[in-house]
Amino acid sequence: MKLLTLLLTHWLFSLQSSDSLTLKWQTQVNRRLDSLSNSQFLQTGMIGMSVKSAKTGKNVISFQAKKSLAPASTMKLLSTATALMTLGDSFMYQTTLEYSGSIVDSVLNGNVYIKGNGDPSLGSWRFKNQPDYKQLLDTWASKVKALGIKKINGRIMGDASFFNANVIPSTWIWGDMGNYYGAGCYGLNINENLFWVTFQPKGYMESAGFVKTAPDLPYLTKINKVLTDRAGTGDQVMIYSTPYQDAVLMEGFVPQGNSFSVKGSIPDPAFYMAFALGKKCEELGIQIQEGPTSTLELDKRYLTHSKPNGTMTIATQNSPSLKELVKACNYQSINLYAEAFLKTPSVLLNMGNGTSDAVKGFEQIWRAKGLNMQGLKMKDGSGLSPSNAVTTDIMTDVLSIMTTEKSFNSYYESIPVVGVSGTVANLAKKSKAAGNIHAKSGSIEGVRAYAGYFTASNGELYCFSIIFNKYDSNYGNATKELEKLMIMLTDL
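Residues numbered from 1 in each chain as written. Predicted model: local features only at pLDDT ≥ 70, side-chain atom pairs only at ≥ 80, totals over all residues. Heavy atoms only, no water.

Colleague: So what exactly am I meant to see when it comes to the nonpolar core here?
Modeller: The nonpolar side chains of a soluble globular protein tend to be buried with one another. With 56 residues, the main nonpolar core has L78, Y337, F341, W366, M402, Y411 and Y453 as its most contacted residues. At the level of elements, α2 (76–87), α7 (322–332), α8 (335–348), α9 (355–367), α10 (392–402), α11 (408–414), β19 (447–455) and β20 (461–469) are the ones that each hand at least two residues to this core. In contact with Y411, not counting residues within four places along its chain, are L77, T80, A81, L84, L399, M402 and Y453. Core analysis: the second largest hydrophobic core is formed by 46 residues, V112, I190, A270 and F271 among them. (Core = buried A, V, L, I, M, F, W, Y, C linked by side-chain atoms within 4.5 Å. Buried < 20%, exposed > 50% of the residue type's maximum accessible area, 1.4 Å probe, protein only. Helix = DSSP H or I, 4+ residues; strand = E, 2+ residues; numbered from the N terminus. Contact = heavy atoms within 4.5 Å.)

Colleague: What should I look at first to understand the sheet that holds strand β9 (residues 194–200) in this one?
Modeller: Strand pairing within a sheet occurs via backbone hydrogen bonds; the two strands may be parallel or antiparallel. Across the sheet, which stays open at both edges, the three strands sit in the order β10-β9-β14 with antiparallel pairing between neighbours. The outermost strands of the open sheet, each flanked by one partner alone, are β10 (209–214) and β14 (260–265). Strand after strand, the sheet turns through a mean of 30 degrees between neighbouring axes, direction not considered. Both β9 and β14 contribute to a ladder of six bridges, which runs antiparallel. Counted as the bridge partner of V197 is V262 from β14. (Pairing = 2+ DSSP bridges. Axes fitted to C-alpha atoms, helices over the stretch in contact; angles between N-to-C directions.)

Colleague: For this particular structure, what's the right way to read the packing of α2 against α9?
Modeller: If you want to describe how two helices pack, look at the angle between their axes and the distance between the axes. Where α2 meets α9, the closest approach of the two axes is 11 Å, and the angle between their N-to-C directions is 65 degrees. Viewed along their axes, α2 and α9 adopt a mutual orientation that is roughly perpendicular. The handedness of the crossing between α2 and α9 comes out as left-handed. Residue-level contacts link L78, A81, T82, M85 and T86 of α2 to F362, I365 and W366 of α9. Partitioned by chemical class, the residues of the contact of α2 with α9 number six nonpolar, two polar and no charged. (Parallel < 35°, antiparallel > 145°, perpendicular 65-115°, else oblique. Left-handed = near helix turned anticlockwise from the far one by under 90°. Nonpolar A, V, L, I, M, F, W, Y, C, P; charged D, E, K, R; others polar.)

Colleague: Would you mind showing me how to read the packing of aromatic side chains here?
Modeller: Each aromatic ring pair is described using two quantities: the centre-to-centre distance and the angle formed by the ring planes. Counted under the stated rule, the structure contains 16 aromatic pairs. Aromatic pair F408 and Y453: ring centres 5.5 Å apart, planes at 80 degrees, arrangement edge-to-face. One end of the pair, F408, is in helix α11; the other, Y453, is in strand β19, and 45 residues separate them in sequence. Chaining the aromatic ring pairs together yields one cluster made of Y133, Y219, F271, Y272 and F275. Here the basic side chain of R230 rests over the ring of Y204, its NZ or CZ set 3.6 Å away from the ring centre. Over the ring of Y331 we find K327; its NZ or CZ atom is 5.1 Å from the centre of that ring. (Phe/Tyr/Trp six-rings, centres within 6.5 Å; stacked < 30°, edge-to-face > 60°. Lys NZ or Arg CZ within 6 Å of the ring centre and 35° of its normal.)

Colleague: Explanation requested: the confidence of the model for the protein chain in the structure shown.
Modeller: A low pLDDT score tells you not to read the predicted coordinates there in detail. Of all residues in the protein chain, 96% attain a pLDDT of 70 or more, and the chain-wide mean is 94. Within the model, the stretch residues 3–16 combines pLDDT values under 50 with zero contacts to residues more than four positions away or in other chains. (pLDDT = per-residue confidence, 0-100.)

Colleague: Could you clarify how one ought to interpret the side chain of S79 in this entry?
Modeller: Inspection of the secondary structure puts S79 in helix α2. Beyond its immediate chain neighbours, meaning those up to four positions away, S79 contacts A338, F341, L342 and G381.

Colleague: Where do I start with the packing of α2 against α7 in this structure?
Modeller: Running from N to C, α2 and α7 point in directions that differ by 175 degrees, and their axes come no closer than 11 Å. Taken together, the axes of α2 and α7 are roughly antiparallel relative to one another. From α2, K76, L77, T80, A83, L84 and L87 reach across to α7, where they touch L322, V326, C329 and N330. Residues that form the contact of α2 with α7 fall into these classes: seven nonpolar, two polar and one charged.

Colleague: Just to check I follow, could you spell out α9 for this structure?
Modeller: For an α-helix, the turn length of 3.6 residues means that residues three or four places apart are oriented alike. Taking 1.5 Å per residue, 13 residues should reach 18 Å; α9 reaches 18 Å between its end C-alpha atoms and fits that length. T355, A358, V359, G361, F362, I365 and W366 are the residues of α9 that are buried. All buried residues of α9 lie within an arc of 160 degrees about the axis, which places them on one face of the element. Across α9 from its buried face, at more than 90 degrees, point the exposed residues S356, K360 and R367. (Expected span 1.5 Å × (residues − 1). Arc of directions from axis to C-beta.)

Colleague: What is the right way to read unusual backbone geometry from this model?
Modeller: For the peptide bond that leads from A214 to P215, omega is 5 degrees, which places it in the cis range. Located in the positive-phi region is A72, a residue other than glycine, with phi close to 50 degrees. Along the chain, A72 falls in the loop between β2 (59–63) and α2. On the basis of relative accessibility, which here comes to 0%, the residue A72 falls in the buried class.

Colleague: How should I be thinking about the sheet that holds strand β16 (residues 293–294) in this particular structure?
Modeller: As summarised here, the arrangement of the five strands in space is β16-β8-β6-β3-β17, forming an open sheet in which the pairing is mixed. Only two strands of the sheet have a single neighbouring strand rather than two, namely β16 and β17 (312–318). Here helix α3 (residues 133–146) sits on the sheet and contacts β3 (94–99), β6 (112–115) and β17; the angle it forms with β17, its principal contact strand, is near 160 degrees. Against the sheet, helix α5 (residues 269–283) touches β3, β6, β8 (156–159) and β16, its axis set at about 150 degrees to β8.

This is the structure we're talking about:
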């Protein structure tokens, strides 16, 4: 009896001691948050922070956690969670090369179609055992030739109709759209819709010469307004274009010195695919009667683009698994992938194929999981839109719910590790946070944020979200302040 009493007393003392330490930690964190909130750094801005037990969803820190704030790229945690939960981590996108009509005496009396289903990674350089866009086009041209085709009495068409043709979310800003990170997510994408444009710098404030684009885009008009700045000033070029444009405008500065390249986004990648495959086929001696086209190009000309029934498949290209794609998305913060992950479940669940449809689908999916979405204003899947708004409370609720899903391990492993990997590899190095916290970073103008998971000293998993909006960088460094808060998390 004495032994039982001693054990019970020890357990109660440990419990009280643990509660006391937790209370002390909560007091320290809240004091730090109060101090920040009242500082000149955030005098005109806003901070929100939520920390919850991943297992129970119980709050341990809730500081302005119901305020709607712009989340920047932490929004990707919502879109990647939705895709994994609805599609499963083994899901693969599938792109097909097809033809219509018949082949008679080495002549195809019909068209060749490249049919996309939203794969954001098609032809990307990132994945082992996957062809890049050059290898893919070479393979496909060879497969057309292997059918015995020497002439196509028709054309090659890129079919991007899997997603709505209006691929740019309505609240993205003009200064982002033509740059690589602002690439629209089409039903047919290639090389992450990336092209490089190379300039030859001249004398200070002289026009920089346009050299080339890679891949070659000869059908686009390039308007070059780029000037030469001092050596070492880096990339100051903005590229302006939209999906329906046949021109790209390039403005800004490149540094003096050797040739200098910057990244842009390909308008209408489906048209580029049709154009580039046609060039490869012609190199193999295949004549093509009509010029390349795409569903978007036909829309521009008010022409119909329905594909005939009974097409024959020439080749099929499967993407890496969704598990791999989500990891690439969260590790490298790829906007294109996140937009695909928002829209794909909506299409496959028959909820619509545009961004606004996908947002409604997202809300329907998460309401079914019991998520309270008061304060959520979702405009895209990547966080690039400055009009996005989410509460830190919603963010941690999603993170908590995901721990109950079959795909949780894939989700957890897709989030970079502080001080070790991805966009947080250089954060909080040689601190207690390094190697412990899995965190997705977020950064657009006036916004810095982190969200993810950490393990407390008792081994329990917690989820967290911290967002700064409209801070004054004259009075502090947002990344450093967030880093300090994340280091404090590991004291729990």
